[in-house]
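Chain residues, written in single-letter form:
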Amino acid sequence: MLDTNVLISAALSRQGSPYVLVQRVLAEARIVFSEPTFEELRSRLYRPKFDRYISLDMRERVLRDLSGCVCDALKP
């Protein structure tokens, strides 16, 4: 299970353990989100404190790429 903070860290920098971990998971498994978890990722990724680390375009690309991982079966 990947915490949203790991995904955010991986999106912010291609250096470090979070990026390596996410790349490995993507290569060997499948990431699946519930809608609330994806919304948590979305809301946190758009926080102003990340503006100097990741562009708006890159945030949108990350969310678009991960949006296919939302699973309706995981609705609460």
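To be clear, the structure that these remarks concern was listed above.
Residues numbered from 1 in each chain as written. Predicted model: local features only at pLDDT ≥ 70, side-chain atom pairs only at ≥ 80, totals over all residues. Heavy atoms only, no water.

With that settled, consider the packing of aromatic side chains. The full count for this structure, using the stated rule, is 1 aromatic pair. Measuring from centroid to centroid gives 5.7 Å for phenylalanine 33 and phenylalanine 38, while their planes differ by 65°, and the two rings are edge-to-face. Accessibility classification places phenylalanine 33 together with phenylalanine 38 in one group, the buried group. (Phe/Tyr/Trp six-rings, centres within 6.5 Å; stacked < 30°, edge-to-face > 60°. Buried < 20%, exposed > 50% of the residue type's maximum accessible area, 1.4 Å probe, protein only.)

This paragraph deals with the packing of helix H3 (residues 35-45) against helix H4 (residues 56-67). It is at 11 Å that the axes of H3 and H4 come closest, and there the two elements cross at 175°. Of the possible angle classes, the one that applies to H3 and H4 is roughly antiparallel. Facing H3, whose interface residues are Phe38, Leu41, Arg42 and Leu45, H4 presents Arg59, Val62, Leu63, Leu66 and Ser67. Along the lines of polarity and charge, the residues of the contact of H3 with H4 split into 6 nonpolar, 1 polar and 2 charged. (Axes fitted to C-alpha atoms, helices over the stretch in contact; angles between N-to-C directions. Helix = DSSP H or I, 4+ residues; strand = E, 2+ residues; numbered from the N terminus. Parallel < 35°, antiparallel > 145°, perpendicular 65-115°, else oblique. Contact = heavy atoms within 4.5 Å. Nonpolar A, V, L, I, M, F, W, Y, C, P; charged D, E, K, R; others polar.)

A word on the nonpolar core. The biggest cluster of nonpolar side chains holds 16 residues, and the ones touching the most others in it are Leu7, Ile31, Phe33, Phe38, Leu41 and Leu66. Taken together, the elements giving at least two residues each to this core come down to helix H1 (4-12), helix H2 (17-28), H3 and H4. With sequence-adjacent residues up to four places away left out, leucine 41 is seen in contact with Thr4, Leu7, Ile8, Phe33, Leu63 and Leu66. (Core = buried A, V, L, I, M, F, W, Y, C linked by side-chain atoms within 4.5 Å.)

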